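What follows is the residue order along each chain.
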Amino acid sequence: MFLENKKIVVMGVANSKSIAWGCAKALKAQGATLIYTYQNERMEKQLAKLASPEDLLLECDVASDESIRRAFATIEARFGQIDGLVHAIAYSKKEELGGNISDVSRDGYALAQDISSYSLLAVAKAAKPLLKAGSGVVTLTYMGSERAIPNYNVMGIAKAALEASVRYLAVEFGKVGVHVNAISAGAIKTLAVSGVDGYKGLIKESDSRTVDGEGVTIDEIGEVAAFLVSPLSAGVVGDVIYVDKGVHLT
Ligand code: NAD
């Protein structure tokens with residue numbers, strides 16, 4: 001168990017379909033102690049059904065600097081230092097995830113960037129003093145950052161910014177022995193994806209392009225996240241690792 005005695009922060013479990021939940025299961029299987037953060041009370045109720053009694057659950061709305069500050073102050077008070085962080089958070093207004101990209105509103109663009117890209121920088125800043133050397137930070141991205149995926153629109157632009165943020169953060173955090181990377185996951189039916197116009201077609205198309213016709217699972221993504229937060233991946237720096245069962249190849 002390569003994460004024994006390691007404390008890992010997992011941000012973004014909304015329910016049992018969440019990619020963050022796949023990550024949490026894999027981290028637990030490797031012996032990690034988990035600290036979950038949730039967006040609001042509604043998410044807390046869902047998370048409480050999944051988490052174990054020994055896990056710490058904290059509110060952290062990444063739209064609020066104060067909420068981020070409070071969450072990491074509590075983590076510091078309780079644990080002192082941490083050994084890794086999984087950021088699996090994104091949001092866009094539904095009306096921006098369809099139609100023409102040139103119709104995107106100024107507000108909608110800014111909101112998607114704020115929650116889906118800037119939040120990684122804000123959270124990383126709060127976590128930096130707590131992260132031990134050898135820790136890993138992992139975020140979740142999607143191929144829509146590089147290719148024009150129908151209706152993914154403003155989120156594709158936010159993911160491109162997120163991936164660039166990973167590279168800049170990786171250089172900064174590398175100096176204190178923390179490696180930062182992204183997983184580019186294949187399409188999976190989750191709450192977040194259901195906001196994209198025609199998402200069922202997107203998932204069907206994605207599944208049909210995997211090497212065996214079966215879509216990637218949250219468990220498969222979680223296994224890679226466990227590796228990427230651990231010191232085993234200290235040599236992987238500022239990278240975007242595809243975990244999509246080959247969709248990006250074809
Ligand atoms: P999800 O809906 O289960 O998770 C999204 C999470 O973001 C939720 O827990 C939600 O509470 C959280 N969130 C949104 N706004 C927030 C805020 N202001 N403060 C704190 N948390 C907030 O969906 P998911 O698909 O598991 O998404 C996780 C990550 O994976 C996202 O970054 C998503 O873009 C990425 N991703 C998803 C897919 C996919 O097909 N599902 C593919 C590639 C990447």
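We now turn to the structure provided with this report. The numbers attached to residues start from 1 for each chain and follow its sequence in the written order. Note on the predicted model: pLDDT of at least 70 is required for a residue's local features to be given, and 80 or more for side-chain atom pairs to be given and counted; whole-chain, interface and lining totals, by contrast, use all residues. Each side-chain value is worked out from all heavy atoms of the structure, with water and hydrogens disregarded.

## Some details on empty space enclosed by the protein
Step number 1: Cavities and pockets are defined on a 1 Å grid built over the protein atoms alone: a cavity is a set of grid points where a 1.4 Å probe fits but cannot escape, while a pocket is an open set with protein on both sides within 12 Å along at least five of seven lines, and lining residues are those with an atom within 4 Å of any such point. Grid points are joined across faces, edges and corners, and a volume is the space filled by probe spheres set on the points. Overall, the coordinates contain 1 cavity of 30 Å³ or more when judged by the stated rule.
Step number 2: By volume, the largest cavity is sized at about 30 Å³.
Step number 3: If you go around the largest cavity, the residues you meet are Tyr142, Met143, Ser184, Ala185, Gly186, Ala187, Ser206, Tyr242, Asp244 and Val247.

## Topic: helix α6 (residues 199–208)
Step number 1: With a 1.4 Å probe rolled over the protein chains alone, any residue whose accessible area is under 20% of its type maximum counts as buried; one over 50% counts as exposed, and the rest are partly exposed. Only DSSP runs of H or I reaching four residues or more are called helices, and only runs of E reaching two or more are called strands; each is numbered from the N terminus. Those residues of α6 not exposed but buried are Tyr199, Leu202, Ile203 and Ser206. Buried residues in α6, looked at end-on, bunch into an arc of 95°, giving them a common side. Of the exposed residues in α6, the ones pointing more than 90 degrees away from its buried face are Lys200, Lys204 and Ser208. Taken from the helix axis, the directions to the C-beta atoms give the arc we talk about.

## Remarks on the site of the ligand
Step number 1: The nearness test applies per residue and asks whether one of its heavy atoms lies within 4 Å of the molecule or strand. Inspection of the region around the ligand gives 28 residues, with Ser18, Gln39, Lys159, Ile188 and Thr190 positioned closest.
Step number 2: N or O atoms within 3.5 Å of each other form a polar contact, as long as, within protein, one can give a hydrogen and the other can take it, and as long as residues adjacent in sequence are counted only when both atoms are side-chain atoms. One of the backbone N or O atoms of Gly12 is found 2.8 Å from an oxygen atom in the ligand.
Step number 3: Take Ala14: an N or O atom from its main chain is 3.4 Å from an oxygen atom of the ligand.
Step number 4: The fraction of the free accessible surface of the ligand (820 Å²) that becomes covered by protein chains is 95%.
Step number 5: Any molecule with more than half of its atoms within 2 Å of a cavity's or pocket's grid points is regarded as sitting in that cavity or pocket. Here the ligand is seated within the largest pocket.
Step number 6: Note on residue classes: Ala, Val, Leu, Ile, Met, Phe, Trp, Tyr, Cys and Pro are nonpolar, Asp, Glu, Lys and Arg are charged, and everything else, Gly too, is polar. Of the residues assigned to the shell around the ligand, the class counts are 20 nonpolar, 6 polar and 2 charged. Each accessible area value is a Shrake-Rupley result obtained with a 1.4 Å probe; residue values ignore everything except the protein chains displayed when judging cover.

## A look at helix α3 (residues 65–79)
Step number 1: With 15 residues, α3 extends 21 Å from end C-alpha to end C-alpha; this agrees with the ideal 21 Å at 1.5 Å per step.
Step number 2: Among the residues of α3, Ser67, Ile68, Ala71, Phe72 and Ile75 are the ones counted as buried. Viewed end-on, α3 has its buried residues packed into an arc of 120°, placing them on one side of the element. Residues of α3 that are exposed and point over 90 degrees away from its buried face: Asp65 and Ala77. By this rule the span expected of a helix is its residue count minus one, scaled by 1.5 Å.

Taken by themselves, the reported measurements are silent on function.
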